[in-house]
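Coordinate inspection notes
Below, each chain spelled out in residue letters.
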Amino acid sequence: MSTEQNLDVAVVLGSTRNGRFGPVVADWLIGHLEARGDMTADLVDLAATPLPTVMPSWGVELPEQERELLAAVSPRLAAADAFVFVTPEYNHSFPAPLKNAIDWHNQQWHGKPIAFVSYGGLSGGLRAVEQLRVVMAELNAVTIRNTVSFHGAAQAFDTDGKPKDPAADAAAKTMLDQLDWWARPLRDARRARPFTV
Ligand SMILES: Cc1cc2nc3c(=O)[nH]c(=O)nc-3n(C[C@H](O)[C@H](O)[C@H](O)COP(=O)(O)O)c2cc1C
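Note that the structure is a prediction, hence the values are computed from the model and not measured.

**Details of the packing of helix H1 (residues 22-36) against helix H7 (residues 167-192)**
Here H1 crosses H7 at 55°, and the two axes come no closer than 10 Å. Between H1 and H7, the crossing angle belongs to the class labelled oblique. Where H1 crosses over H7, the two elements pack in a sense that is right-handed. Of H7, the residues touching H1 (which contributes Trp 28, Leu 29, His 32, Leu 33 and Arg 36) are Ala 168, Asp 169, Ala 172, Lys 173, Met 175, Leu 176, Asp 177 and Asp 180.

**Quick look at the packing of aromatic side chains**
Scanning the entire structure with this criterion turns up 10 aromatic pairs. Seen from their ring centres, Phe 21 and Tyr 119 are 6.3 Å apart, and the 65° between their planes marks the pair as edge-to-face. Here the residue Phe 21 occupies a position in the loop between strand E1 (7-13) and H1, and Tyr 119 occupies one in strand E4 (residues 113-120), the gap between them amounting to 98 residues. We classify Tyr 119 as buried; its relative accessible area is 5%. Arranged with centres 5.6 Å apart and planes meeting at 80°, the rings of Phe 85 and Trp 109 form a pair that is edge-to-face. On the criterion of sequence distance, the pair formed by Phe 85 in strand E3 (residues 82-88) and Trp 109 in the loop between helix H4 (96-103) and E4 is long-range, its members being 24 residues apart. Considered together, Phe 85 and Trp 109 belong to a single accessibility category, that of buried residues.

**A look at the pattern of salt bridges**
Here the structure, examined in full by the defined rule, presents 13 salt bridges. With a shortest N-O distance of 2.9 Å, Arg 36 and Asp 38 are connected by a salt bridge. Its salt-bridge partner being Asp 180, residue Arg 184 comes within 2.8 Å of it at the nearest N-O pair. A residue pair is termed a helical-turn pair when its members lie 3 or 4 positions apart in one helix, as Arg 184 and Asp 180 do in helix H7 at 4 residues.

**Brief notes about the packing of H4 against helix H5 (residues 126-138)**
Across the interface, H4 lies against H5 with an axial gap of 11 Å and an inter-helix angle of 10°. Judged by the inter-axis angle, H4 sits roughly parallel to H5. The crossing of H4 and H5 is right-handed. The segment H4 lies against H5, with Leu 98, Lys 99 and Ile 102 engaging Leu 132, Val 135 and Met 136. Residues of the contact of H4 with H5, tallied by class, amount to 5 nonpolar, no polar and 1 charged.

**Some points on the layout of surface pockets**
Of the volumes computed, that of the largest pocket is approximately 180 Å³. In this structure, the largest pocket is lined by Gly 111, Asn 140, Val 142, Leu 186, Ala 189, Arg 190, Arg 193, Pro 194, Phe 195, Thr 196 and Val 197. By residue class, the composition of the lining of the largest pocket is 6 nonpolar, 3 polar and 2 charged. Space inside the second largest pocket adds up to approximately 160 Å³. Considering the residues around the second largest pocket, the lining is formed by Met 55, Pro 56, Ser 57, Trp 58, Gly 59, Val 60, Asp 103 and Trp 104. Counted by class, the lining of the second largest pocket contains 5 nonpolar, 2 polar and 1 charged residues.

The rules we used
Residues numbered from 1 in each chain as written. Predicted model: local features only at pLDDT ≥ 70, side-chain atom pairs only at ≥ 80, totals over all residues. Heavy atoms only, no water. Axes fitted to C-alpha atoms, helices over the stretch in contact; angles between N-to-C directions. Helix = DSSP H or I, 4+ residues; strand = E, 2+ residues; numbered from the N terminus. Parallel < 35°, antiparallel > 145°, perpendicular 65-115°, else oblique. Left-handed = near helix turned anticlockwise from the far one by under 90°. Contact = heavy atoms within 4.5 Å. Phe/Tyr/Trp six-rings, centres within 6.5 Å; stacked < 30°, edge-to-face > 60°. Buried < 20%, exposed > 50% of the residue type's maximum accessible area, 1.4 Å probe, protein only. Salt bridge = Lys/Arg side-chain N within 4 Å of Asp/Glu carboxyl O. Nonpolar A, V, L, I, M, F, W, Y, C, P; charged D, E, K, R; others polar. 1 Å grid on protein atoms, 1.4 Å probe; cavity = no way out; pocket = protein on both sides within 12 Å on 5 of 7 lines; lining within 4 Å. Points joined across faces, edges and corners; volume = space filled by probe spheres on them.

Keep in mind these values describe shape, not function.
Shown next as structure tokens:
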């Protein structure tokens, strides 16, 4: 049955800052995801695959160079059954490169579930996640209730890249279980009836 196939999960890393902490969080999450055995991770690192930041006029074709940049990301988002956004909080919201990646795409998000792992200073990135929920509703995606968040992120992980508080591992498991619950029937539904509404 198609519901038993591994889920292809794109882990979108929203931070592109030089010296960023994001890869520690993303690598930890991918470790969880792959240890399950029923999900396959594709890390979409927006620093490694930067997208154009200026959109063309309506109806105007993108220059070749910009199409190439998009080609490194768009098919991977299209192929994903589900997403985990790994995002820090910048000024009570999520980073601009993540919004840029969201805005360059549309159908790639439709009818798919999105989970969130957030981190930040005092906030743990919770305000970034709340804003992402509103944005992704506009793109016909469903967002997963449970999240994992790290406040004081740089101090929350040990030198092996593991969270010091084991509650984070339990939270990641629950979040991924919820993502799995949504992603499998939605994948079947999209195959049976492509999302065109
Ligand atoms: C421009 C900027 C704005 C920030 N604003 C907030 C904020 O509003 N709330 C918060 O808790 N942390 C804030 N921080 C702290 C970051 O969330 C924290 O340093 C995090 O590690 C940044 O992720 P990165 O290292 O992957 O870029 C801000 C950091 C930057 C660079």
